[in-house]
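Residues per chain, in single letters:
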Amino acid sequence: MALIPTTMSNWSYVRGRRRLHSMTWLFFILGCLLMTHVSCQQQSFRRRPEDVEVKLGDTAVLRCEIDNQAGSVQWTKGGFALGFAREIPGYVRYTMVGDENRGVHNLRILNVTLTDINEYQCQVGPSKTNKLIRADAHLNVLVPPTSIEIINHAPDAMITIKEKHPTELECVVKEARPAASIIWYRNEMPFKTESREDSTDEVEVLEDGLPIRKNTTKSKIRIIPSAEDDRARFTCEGRHPALLRPHRVTVQFSVQYPPGAPRIEGYNEGEPIRENKSVTLTCVSRGGNPLAELIWFKNDIRIDSSYSKKPRESRNELIFTASTKDNLVRYKCEAGNIMSLAPKIADVVLTVMFPPKEVKITGPTESKVGDLVTLTCSCGNSNPKADLAWFKGGVPLDDMHTSSVISTDGGWTTASNVTFRIESTDRRETYVCQAVNRGLGETKSATHIINVIQPPGHPIIYKLQNEITAGLMQRITCTSTGGHPPATLTWSRGGKKVDSVYTSDGNMATAELAFEANMTDNGIVYKCEAKNKAISTPLSETVTFSVLFSPSSVTITTRPKKLKEGEQGYLTCESASSNPPAKVAFLKESQDISSQLNETVSNGSNGGKKTSITLELNLTSDHDGAIYTCEAKNNAIKQSVHNSVKLDVNYKPKFVETAGEKVSVVEGEGSVVTVRAKGNPDQIKYKWTRNNSLVKNIPKKLYVDGPILNFTEVNRKDKGKYAVEATNSEGTTTLVIDLDVKYPATILTTWDSKMVGQNENAHLECGIDANPLDESMVVWKYGDMEIIRPTQRKFQDKKAYLTILNVSVSDAGPYFCFVNNGIGQPTNSSIFLIVKHKPDIDKSPAIAKAASKKGQTGRLICHAKGAPNVTFSWDRKDGVHLPSDSTKYHIHTRMVDRMNFESVLEVRNVQTEDYGLYHCIAQNELDSDSHDVKLDVTSVPDKPLRFRVVNSTDNSITLTWDPGFNGGFEQTYKIMYYQIGVKPVKYVDVFPKGSTTYEVETLSRATSYGFRIESINEMGSSNYTTENVQEETTSLGPNPLLTNSDEDFSTNPFSRLVISVFILVGATMLLINVLLIACFIKRRTKKRLSSASEQGSSKSATIEMYAPSSYNETVTGETLSSISEKSATYSHGEHQDEYIEDGGKGTGVSTYLVEHINHHSSAYPYRQAELGGLRASTLPRHPKNHGLEPRAYAEDDGYVDAMRKNVYNQGIGDLGPTYGRTTPRPTSSRPPQVPPIPELYNIPPEARYVPYPPPGFGSPVPNGSIRNLPLSNSQDMLNNSNHPPPHDHMTSFHHHIHSQPNGRILSANGTLSPQRHSVLTTFIPNPSPNLEHEGHLV
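The structure presented is a predicted model; accordingly, all values stated were derived computationally and were not measured.

Trainee: So what exactly am I meant to see when it comes to the overall build of the protein chain here?
Mentor: When helices and strands are counted, the protein chain shows seven helices and 97 strands. Taken over 1338 residues, the protein chain has a buried fraction of 42%. Summarising the internal contacts of the protein chain: among those between residues at least 6 apart in sequence, 67% fall at separations of at least 24. When the accessible surface of the protein chain is summed, it comes to about 70,500 Å², and 51% of that surface belongs to carbon and sulfur atoms.

Trainee: Can you walk me through the pairing of strand β30 (residues 359–362) in this structure?
Mentor: Here is the key point about a regular strand: its side chains alternate between the two faces of the sheet. Taking every second residue as pointing to the same face, the buried face of β30 carries Val359 and Ile361, while none of Lys360 and Thr362 on the other face is buried. Examined bridge by bridge, β30 and strand β32 (residues 372–382) share four bridges and lie antiparallel to one another. What sits directly across from Thr362, in β32, is Thr376.

Trainee: Is there a simple way to think about the side chain of Ser956 in this case?
Mentor: When you line up the elements, Ser956 lands in the loop between β84 (945–952) and β85 (957–962). Ser956 sits in the buried class, given a relative accessible area of 3%. Side-chain polar atoms of Ser956 contact the side chain of Thr953, separated by 2.7 Å. A distance of 2.6 Å separates polar atoms of two side chains, one belonging to Ser956 and the other to Glu999. Beyond its immediate stretch of four places on either side in the chain, Ser956 contacts Glu999, Val1000, Glu1001, Leu1003 and Thr1033.

Trainee: Teacher, can you tell me more about the sheet that holds strand β15 (residues 189–190) here?
Mentor: Where strands meet in a sheet, backbone hydrogen bonds hold them as pairs that are either parallel or antiparallel. Strands sit in the order β12-β19-β18-β14-β15 across an open sheet of five strands; the sheet is mixed. The open sheet has two free edges, formed respectively by β12 (157–162) and β15, since each of these has just one partner strand.

Trainee: Looking at this structure, I do not really get the side chain of Arg948. What am I missing?
Mentor: Position of Arg948 among the secondary structure elements: in strand β84. A polar side-chain atom of Arg948 sits 2.4 Å from the main-chain carbonyl oxygen of Arg946. Not counting chain neighbours up to four residues away, the residues in contact with Arg948 comprise Thr958, Leu959, Thr960, Trp961, Asp962, Val1029 and Phe1062.

Trainee: Help me understand a negative patch on the surface in this model?
Mentor: A cluster of acidic residues, Glu50, Asp51, Glu53, Glu119 and Asp136, forms a negative patch at the surface. Tracing the sequence through the fold places Glu53 in strand β2 (residues 52–55). For Glu53, a relative accessible area of 54% translates into the label exposed.

Trainee: What is the right way to look at the state of the cysteines in this model?
Mentor: Two cysteines, two sulfur atoms, one covalent bond between them: this is a disulfide. Within this structure, the stated rule accounts for eight disulfides. The disulfide that involves Cys478 links it to Cys528, with 1.9 Å between the sulfurs. Across the disulfide from Cys478 to Cys528, rotation about the S-S bond amounts to roughly -85 degrees, and the bridge is consequently left-handed. Of this pair, Cys478 sits in strand β41 (residues 473–480) while Cys528 sits in strand β46 (residues 525–531), placing them 50 residues apart in sequence.

Trainee: I tried to follow the sheet that holds strand β56 (residues 627–634) on my own but got confused; where do I start?
Mentor: Taken in spatial order, the four strands line up as β53-β52-β56-β57 in an open sheet, and their pairing is antiparallel. Taken across any chain shown, the strands that pair with only one partner, and hence form the sheet edges, are β53 (591–592) and β57 (639–646). The pairing of strand β52 (residues 583–588) with β53 spans two bridges and is antiparallel. The residue bridging Leu587 from the neighbouring strand is Asp592, located in β53.

Trainee: Can you help me understand the pattern of salt bridges in this one?
Mentor: Any two side chains of opposite charge can pair, on the condition that their charged atoms come close. A full pass over the atoms with the stated rule returns 55 salt bridges. Across the pair Lys332 and Glu334 runs a salt bridge, and its minimum N-O distance is 3.5 Å. The class for Glu334 is buried, based on a relative accessible area of 17%. Salt bridges sharing common partners tie together Arg263, Glu265, Arg286, Glu313 and Arg315.

Trainee: Would you explain the nonpolar core in this entry?
Mentor: Side chains of a nonpolar character, in soluble globular proteins, are inclined to be buried together. Counting residues in each nonpolar core, the largest one holds 29 residues, and the members touching the most others are Trp75, Leu107, Ile109 and Tyr120. If you list the elements that add at least two residues to this core, you get β2, β3 (60–62), β5 (73–77), β7 (94–97), β8 (106–109), β9 (118–124) and β10 (133–142). Looking at which element gives the most residues to this core, the answer is β10, with five residues. Among the nonpolar cores identified, the runner-up in size contains 26 residues, and Ile747, Ala770, Ile804 and Val835 belong to it.

Trainee: Teacher, can you tell me more about the packing of aromatic side chains here?
Mentor: Geometry of an aromatic ring pair is reported as the spacing of the ring centres plus the angle between the planes. On inspection of all chains with the given rule, the structure shows 15 aromatic pairs. Taking the centre distance of 4.4 Å and the plane angle of 20 degrees together, the rings of Phe420 and Tyr431 count as stacked. On the criterion of sequence distance, the pair formed by Phe420 in strand β36 (residues 412–421) and Tyr431 in strand β37 (residues 428–437) is long-range, its members being eleven residues apart. As far as burial versus exposure is concerned, Phe420 and Tyr431 are alike and both buried. Joined through ring pairs, the aromatic side chains of Phe191, Phe234 and Phe253 make up one cluster. In this structure, Lys781 is placed above the aromatic ring of Phe818, and the distance from its NZ or CZ to the ring centre is 5.3 Å.

Trainee: How should I be thinking about the confidence of the model for the protein chain in this particular structure?
Mentor: Low-pLDDT stretches of the model should not have their predicted coordinates read in fine detail. When the pLDDT values of the protein chain are averaged, the result is 78; 76% of them are 70 or greater. The model gives residues 1–9 a pLDDT under 50, and that stretch makes zero contacts with residues more than four places away or in other chains. Contacts from residues 1092–1338, a stretch scored under 50 in pLDDT, to residues over four places away or in other chains number 496 contacts.

Trainee: What exactly am I supposed to notice about the pairing of strand β13 (residues 167–176) here?
Mentor: Direction of pairing for strand β11 (residues 147–150) relative to β13: antiparallel, over a ladder of four bridges. Paired with Glu149 across the bridge in β13 is Val172. Judged from the eight bridges that link them, β13 and strand β17 (residues 210–223) form a sheet pairing that is antiparallel. Bridge pairing in β17 places Glu168 opposite Arg222.

Trainee: Hey, could you run me through unusual backbone geometry in this one?
Mentor: Most peptide bonds take the trans configuration, and most residues that are not glycine carry a negative phi. For the bond from Asn289 to Pro290, the omega torsion is 0 degrees, close enough to zero to count as cis. As for its placement among the helices and strands, Pro290 is situated in the loop between β22 (278–286) and β23 (293–298). Following Asn383, the chain continues into Pro384 via a peptide bond in cis, with omega recorded as 0 degrees. Position of Pro384 among the secondary structure elements: in the loop between β32 and β33 (387–392). Positive phi, normally seen in glycine, also occurs at Asn692, with a value near 65 degrees.

Trainee: Looking at this structure, I do not really get the environment of Arg421. What am I missing?
Mentor: As for its placement among the helices and strands, Arg421 is situated in strand β36. Spatially, the C-alpha atoms of Arg421 and Leu372 are 4.3 Å apart, while their sequence positions differ by 49 residues. Apart from residues no more than four positions distant in its own chain, Arg421 is found in contact with Gly370, Asp371 and Leu372.

Trainee: Would you take a moment to explain the environment of Arg134 for this structure?
Mentor: Looking at where Arg134 falls in the secondary structure, it is placed in strand β10. Those residues in contact with Arg134 that sit more than four places away from it in its chain are Phe45, Arg48, Gln121, Cys122 and Gln123.

Here is what the cut-offs are and how they apply
- Residues numbered from 1 in each chain as written.
- Predicted model: local features only at pLDDT ≥ 70, side-chain atom pairs only at ≥ 80, totals over all residues.
- Heavy atoms only, no water.
- Helix = DSSP H or I, 4+ residues; strand = E, 2+ residues; numbered from the N terminus.
- Buried < 20%, exposed > 50% of the residue type's maximum accessible area, 1.4 Å probe, protein only.
- Contact = heavy atoms within 4.5 Å.
- Areas by Shrake-Rupley, 256 points an atom, 1.4 Å probe, with all protein chains shown as cover.
- Pairing = 2+ DSSP bridges.
- Polar contact = N/O pair within 3.5 Å; in protein donor to acceptor, adjacent residues only side chain to side chain.
- Patch = residues over 30% accessible without salt bridge, like charges linked within 9 Å, V, L, I, M, F, W, Y side chains within 5 Å.
- Salt bridge = Lys/Arg side-chain N within 4 Å of Asp/Glu carboxyl O.
- Lys, Arg positive; Asp, Glu negative; His and termini not counted.
- Charge placed at Lys NZ, Arg CZ, Asp CG, Glu CD.
- Disulfide = S-S within 2.5 Å.
- Core = buried A, V, L, I, M, F, W, Y, C linked by side-chain atoms within 4.5 Å.
- Phe/Tyr/Trp six-rings, centres within 6.5 Å; stacked < 30°, edge-to-face > 60°.
- Lys NZ or Arg CZ within 6 Å of the ring centre and 35° of its normal.
- pLDDT = per-residue confidence, 0-100.

Here's what the structure looks like:
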């Protein structure tokens, strides 16, 4: 019995061992089954890569989808592995796209080029239970042809060929993949021919250094042209799948062929044409290329080739007036071109009818009684021939003989003779010959007169007197009666025949002699003779005259022959012959100067007398060129003659023309100083001197040319006295000229700035160099305004002084010294008056906020005004001083202008604890000022501020506003407007983007409108402003209430309304701010207490997003909720239901998570760096080209405007060219170092904000956390950055960096140490598994 307990105990032990053994085998079998199941789920291709063809420049996608993926996926190109990263390093156009969680690893290639043609392979790496799998695909790039051409012919060329002469057209479509196809067209219709020959050549071209094979397609057609192919268009069309439209090239044929036969229009052969009638013969030939050349011939003589061309026709119009020579003439037209073997002919013969042009009688005109006389009548050319008849005194004569002959001009000529005897009763008989053209019914006649002659009577002379005056017209008449014909009377003078006027009346003849009497008529015999054919010796009568005449001339002689100044000179005047003797006198300037001179009289010609006198002169230079006149006058007939002499007196030069003793000229202009010296001889030499030195030519500046001193460009150094010497053979004379150079004002001495204390006097000085210059030419201004405050001004020694009494801060600014002396452009110089005062920080709401996404760099701006220079320092709100330059913070300060300063705090790699208030302290030697700037997360923008009307017209209203906080993104604006009392609402987007002034157009006249405005960024909109801005358009023209700056503002009802609205809105906003501040303080206190109570808890804490607190300055869900919901609660107010806004509003959605993160090793680990004992990780970011177009900052733009545009744009500071990219991956032994990059101040908002989460953080997994992605090649990202512009030059201010004695890192939540690991799961991939972590998505 004693053994029983032992046996039972052993049995229990055995049973326990068996049960354990059974359970072990059970677990083993289950494990094997599980391993078998897992091993059966081999990774495989759900979709294998397939060959792809894409056009050059398009996007190619090679698809690869994996089932049961276990290994890593990568693509290869031509056997070269591209890597496992989704963003392929070194291949910026290559990206793996698709949901990798579902095994989608498509390879996307952007902007495909020929270098992308290759074999690609999708590879899935092996694992413990899976083998490597791979699949190939070929990428082929379709390349459109580079060109199309018809060989040896330009596009749209005209090809000239001959009819039936074969020709070839060869079309080439170059360098396409695959080969292009060619289609021929004739006049846009497909052209097919059996003679077509096509070929394709493979060519090898280099693309980015790689040989690429392309195809060149050729097509040749052979054509035998005909006349129908003339003007035909042959088109070669190249087609290719890479072309949206086929390439085309066209040529046109010009086929040469003979013209048609000509025809003559305008006359029917045999039809008679009257002489002098206009005849038009038109030769027409149709067809032919080129069109026919038409030539007219007259009796085979070429007369005209001036043809004209019309479509398909040539015409040569021959217009002429029919003449006698055209009778029976053959007109021929020949047509031909270069294709004609012989010209084609058309001809016509003309018939022209015409009367005789003249009838002529020949025979004696005088006869004696009993003479036998024969007369002949001849008739000119006539068709038909003319009939002739004779008449005497109207009685026909029968005894005549007539004959006709053919004319060489195409008609007939006719002649007739008649013979008769002179009767005793005949005196003056008339005979007529008449010619009649019976075909035309026209008559032409001629008349012939025969006179019977008798002897004349003795001539008689009729005169008034024998004494006549020279120069007067005299008339004497000679008459003779009897005789037939009347006597012929002739006059002679001194035996020489002279002309007279002969008349006869019946048997009485008269000859009148008219002549102007002169001195040669004195004592001359005039004779009249009478004669006719009846006598052989003429009958005559004579008369003699006595003529009174003045001298014909006077002569002046000088003694000695060479006159000189200071010597005696003699002038002798002698008149020519005169009857009676002339009176002689010397005249000077019409005054008689010879009253004391004695006359000498002697015999002259023609029975007259000569008279002479002599004048004595004491010669001076005034006598040179002086004119002396001698007058000889016949007092009997009151006639005189004159002669003048111009004295030639030698003397040394005398200046007669100068520019004056003083010559004024403007500097920079050209000036010609001209003098003229008079002397005799006039060969004068000039010499210019200055300061006893010879003035010489200076190329392109000064030229001396005799009496001319030519300055091409006068300089103030040219001012001074210039002497010019004039020299001739008689001596030298000198003239001195003072050259006064006027030049524009130049300000020589001014201060750049002047600093004084308040209530002191500021003395400003402006030194000036100008000519001319006086006090009236200087004006002082404050900026661009007149100075109206009390000042003292003085001008002395080319200096202008301005004293500003008892200056205040409002007197600070630029003072300008303007100088304008009327020469050139006015000039000015500024002196910046700096008034000492303590710093005054700009605390406006628009500059009190900044925004940044996590992981980016936040830029906080602090602007202060003060003098002397202001320095800045920054603290966290908890009092921790921030260093000026560290891995976390960087402070850079610049001087905006002489009294405005700006400090920018950059918070790098912003984390949750970095959000909150930062304290800016500005100080100078007088005092200090401080201000809090809040760093917040990006959000929808704030509403615009001070929305107001600035102008209105009859059809438009112009609005302006101040930008609100942009939420961290570029913002645009949308204006809502409506007609007061009318329901419909209209919207208009403000353009250009960023503009803060907009004119709403196409409004109705004299109508009231309401306006609201909202700001929009990529996160949403601010909703519309609550204040309702109203304005009424004018009835005509611009609104005087808004455009007349002189109107009293207080009398404008609209202005009073605006002021009232602004006051009301301001009070409302102030009340809201007070309530918000009180609410924030209350929440901060509550949150601090709540955070303190949760420090020791191990329970998983769900942390909501919260508003900025005093503890860690992050953002709560309540704040974002209020931001997201303000679209519905803050914008519309009481008008919420009245207006319907277009489009949706983007809302800020936020979710905070708590999760346990698997900290085991991964195939794609995060980059990690040790930072002061805290293990931190960075995530890769995709490279992003922001298209930066930096705008250069100018101080003249105004500080307020610049701050309004840049205050909320987060700068990237020292990131520079690496902005938007990760830094190169550090080695294990070296922490990451980011090199300093030039600072940027004015980068557009779109370039300063990277979307969150950054590309590369991946997609949210089902539990809401962020899945880690493979790290991209950061160096490739760096290589694709845009380079920023040079940073502004600014005054550097050095700050002391404060740190804890123990070297721990300071943060907004307190001191961070290695033992503190409460960080976001998004940024720490491998935390301790026992910790709970905060994570959020924005």
